Amino acid sequence: EEDEDDMTFSERIQAQVQTATRPFIPFAIQETLEEEQDDSIDEAAHQSDGNALHLEPRLFWLDEYGSLQRIEYGAHGMGSNFALSILDRSYHKDLSREAAVELIRDCFKQLRVRYLINNPEDPCIKCIDASGCRIC
Amino acid sequence: MSILEYNGAAIIAMSGKDCVGIACDTRLGAQMQTVSCDFKKVFQYGKTFVGLAGLATDVQTMNNLLKFRMNLYELREEREMTPKVLSNLLSNLLYEKRFGPYFIEPVVAGLDANNKPFLSGMDLIGAPVYTDDFVVSGTATGNMLGMCETLYKKDMEPDELFETLSQALLASVDRDAMSGWGATVHIITKDGVTSKQLKARMD
């Protein structure tokens, strides 16, 4: 039953985001890539040209009551305290993509050691950047 | 645990000589876990400040509601909302939800038309109290009332008010698990507003 709630909610959000951003994002990225002649992600994010899209990563924490807060890193759920401890120790602002993914893997490793509920499978980690979302 | 204590908060407003100050902590928690240390609970509407303690989602919702109503008022009346009017509006908004309330306990602080300090506090269903010395709200009210009662003096100048307000807040939140993790103080005088971040214990 809870699974159904998760599915309905996330599908609804997906649909709403697509409707809201459909005209904007592909056009903006296309514009950026055309100007840059080089479709590397870092270039697109750091352009200071007035016409170009200035993309910066944003992370938000949202709870079941609807409180919204911008954060640098965070965790939800039953093992969140363990994950947060790992992140508190190792997170810093200038993490590279690979280091960040490794840090998330470390959080799950810690859960396997210290927490009752854990999955022996590898976690599914996704990365969102200027060119979209993909599995890392 | 009460729903008003879920996220944690501490707010003090205090009056001085032709000035008023309001301070808040900046912790956002989910019961015992801390989520963020820059969740401010004091908002400015024109020359009035409102501190909102309680459930974070209602703090954010009420902030948006108040901003909306203030803007509408200014468009219609072509003048700024005075603190007393804002306090009354807030009280009404809360009582409208008498049987399904917003879980917030606000504090209103500002300077009225004659630049005299205005302070008011209310409960979650809008019952107001108007005082001339200080008002407190949040999870550490016992601590804060004690500190204010001890440190408060009538007619403090802005600098002294800043010190008093800061010390009262810091000492109170240091003994409360649910609030702290940073603090902000605003001092309002007829010449403007000074806002400062306090260096607080981050635990």
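Just so it is clear, the structure is predicted and the values come from calculations on it, not from any experiment. (Residues numbered from 1 in each chain as written. Chains lettered and ligands numbered in written order. Predicted model: local features only at pLDDT ≥ 70, side-chain atom pairs only at ≥ 80, totals over all residues. Heavy atoms only, no water.)

Colleague: How should I be thinking about the layout of surface pockets in this particular structure?
Modeller: Considering only enclosed or pocket space, the second largest pocket measures out at about 450 Å³ in volume. Contributing elements (two or more residues each) for the lining of the second largest pocket: helix H4 (80-90) of chain A together with strand S4 (33-36) of chain B. Taken together, the residues of the lining of the second largest pocket sort by class into nine nonpolar, six polar and four charged. (1 Å grid on protein atoms, 1.4 Å probe; cavity = no way out; pocket = protein on both sides within 12 Å on 5 of 7 lines; lining within 4 Å. Points joined across faces, edges and corners; volume = space filled by probe spheres on them. Helix = DSSP H or I, 4+ residues; strand = E, 2+ residues; numbered from the N terminus. Nonpolar A, V, L, I, M, F, W, Y, C, P; charged D, E, K, R; others polar.)

Colleague: Honestly, the state of the cysteines in this entry has me stumped. Any pointers?
Modeller: Each disulfide is one covalent bond, formed between the sulfur atoms of two cysteines. Within this structure, the stated rule accounts for zero disulfides over all chains. Cysteine Cys-133 of chain A shares no disulfide, and the gap to the nearest cysteine sulfur, in Cys-127 of chain A, comes to 8.2 Å. Here Cys-148 of chain B stays free of any disulfide, with the sulfur of Cys-24 of chain B as its closest cysteine sulfur at 14 Å. What makes Cys-148 of chain B buried here is its relative accessible area of 0%. (Disulfide = S-S within 2.5 Å. Buried < 20%, exposed > 50% of the residue type's maximum accessible area, 1.4 Å probe, protein only.)

Colleague: I would appreciate a short explanation of empty space enclosed by the protein in the present structure.
Modeller: In this approach, a probe sized like a water molecule rolls over the atoms, and the result shows the empty space that is left. Residues and elements named next belong to chain B. For the structure on display, the rule yields one cavity of 30 Å³ or more. Taken together, Asn-7, Gly-8, Ala-9, Leu-28, Phe-39, Lys-41, Leu-52, Ala-53, Gly-54, Leu-55, Ala-56 and Val-59 form the lining of the largest cavity. Looking at the lining of the largest cavity, the elements that each hand over two or more residues are strand S6 (48-54) and helix H1 (56-77). Of all the elements, S6 adds the most residues to the lining of the largest cavity, at three residues. Within the lining of the largest cavity, the residues separate by chemical class into eight nonpolar, three polar and one charged.

Colleague: Before we go on, may I ask you to explain the nonpolar core in this structure?
Modeller: One broad trend across soluble globular proteins is that nonpolar side chains are buried collectively. All names here are of chain B. With 29 residues, the main nonpolar core has Val-50, Met-62, Leu-66, Leu-86 and Leu-90 as its most contacted residues. Of all the elements in the fold, those that place two or more residues in this core are strand S3 (28-30), strand S5 (42-45), S6, H1, helix H2 (83-96), strand S7 (104-111) and strand S8 (117-122). When neighbours within four sequence positions are excluded, Leu-86 is seen to be in contact with Tyr-45, Thr-48, Val-50, Leu-66, Met-70 and Met-81. Counting 24 residues, the second-largest nonpolar core is a separate cluster that includes Met-14, Tyr-152, Phe-162 and Val-173. (Core = buried A, V, L, I, M, F, W, Y, C linked by side-chain atoms within 4.5 Å. Contact = heavy atoms within 4.5 Å.)

Colleague: Would you explain the packing of aromatic side chains in this entry?
Modeller: One pair of aromatic rings is described through two measures. These are the centre distance and the angle between the planes. Under the counting rule described, the total for this entry stands at five aromatic pairs over all chains. With 4.8 Å between their ring centres and 40° between their planes, Tyr-73 of chain A and Tyr-91 of chain A make a pair best called tilted. One end of the pair, Tyr-73 of chain A, is in the loop between strand S2 (68-70) and H4; the other, Tyr-91 of chain A, is in the loop between H4 and helix H5 (97-114), with 18 residues separating them in the sequence. When its relative accessible area of 25% is taken as the criterion, Tyr-91 of chain A is described as partly exposed. Positioned above the aromatic ring of Phe-162 of chain B is the side chain of Lys-196 of chain B, whose terminal nitrogen or guanidinium carbon lies 4.5 Å from the ring centre. (Phe/Tyr/Trp six-rings, centres within 6.5 Å; stacked < 30°, edge-to-face > 60°. Lys NZ or Arg CZ within 6 Å of the ring centre and 35° of its normal.)

Colleague: Just checking my understanding: could you explain the pattern of salt bridges for this structure?
Modeller: Working definition: two side chains of opposite charge can pair if their charged atoms are close together. In the structure shown here, the tally under the stated rule is 12 salt bridges over all chains. A salt bridge links Asp-18 of chain B to Lys-116 of chain B, with the shortest nitrogen-to-oxygen separation between them at 2.7 Å. Of this pair, Asp-18 of chain B sits in the loop between strand S1 (10-15) and strand S2 (19-25) while Lys-116 of chain B sits in the loop between S7 and S8, and the two are 98 residues apart along the sequence. Asp-191 of chain B is the partner of Lys-190 of chain B in a salt bridge, and the nearest nitrogen-oxygen pair spans 3.6 Å. Across the pair, exposure class does not vary: Lys-190 of chain B and Asp-191 of chain B are exposed alike. Via salt bridges that share partners, Arg-97, Asp-129 and Arg-134 of chain A belong to a single interconnected network. (Salt bridge = Lys/Arg side-chain N within 4 Å of Asp/Glu carboxyl O.)

Colleague: How do you make sense of the interface of chain B and chain A when you look at a structure like this?
Modeller: Interface size, as often reported, equals the accessible area lost upon joining of the parts. The interface of chain B with chain A comprises 14 residues on the first partner and 14 residues on the second. With both sides pooled, the region where chain B packs onto chain A buries about 990 Å², and carbon together with sulfur makes up 50% of that total. It is Gln-33, Val-35 and Thr-57 of chain B that lose the most area in chain B upon contact with chain A, and together they represent 43% of the buried surface on that side. Joining chain B to chain A, the criterion identifies zero salt bridges. Across the chain B-chain A interface, the total number found is eight residue pairs in polar contact (both at pLDDT 80 or more). Mapped by element, the contributors of at least two residues to the side of chain B that touches chain A are S3, S4 and H1 of chain B. By residue class, the composition of the side of chain B that touches chain A is eight nonpolar, five polar and one charged. (Buried area = accessible area lost by both parts, 1.4 Å probe. Polar contact = N/O pair within 3.5 Å; in protein donor to acceptor, adjacent residues only side chain to side chain.)

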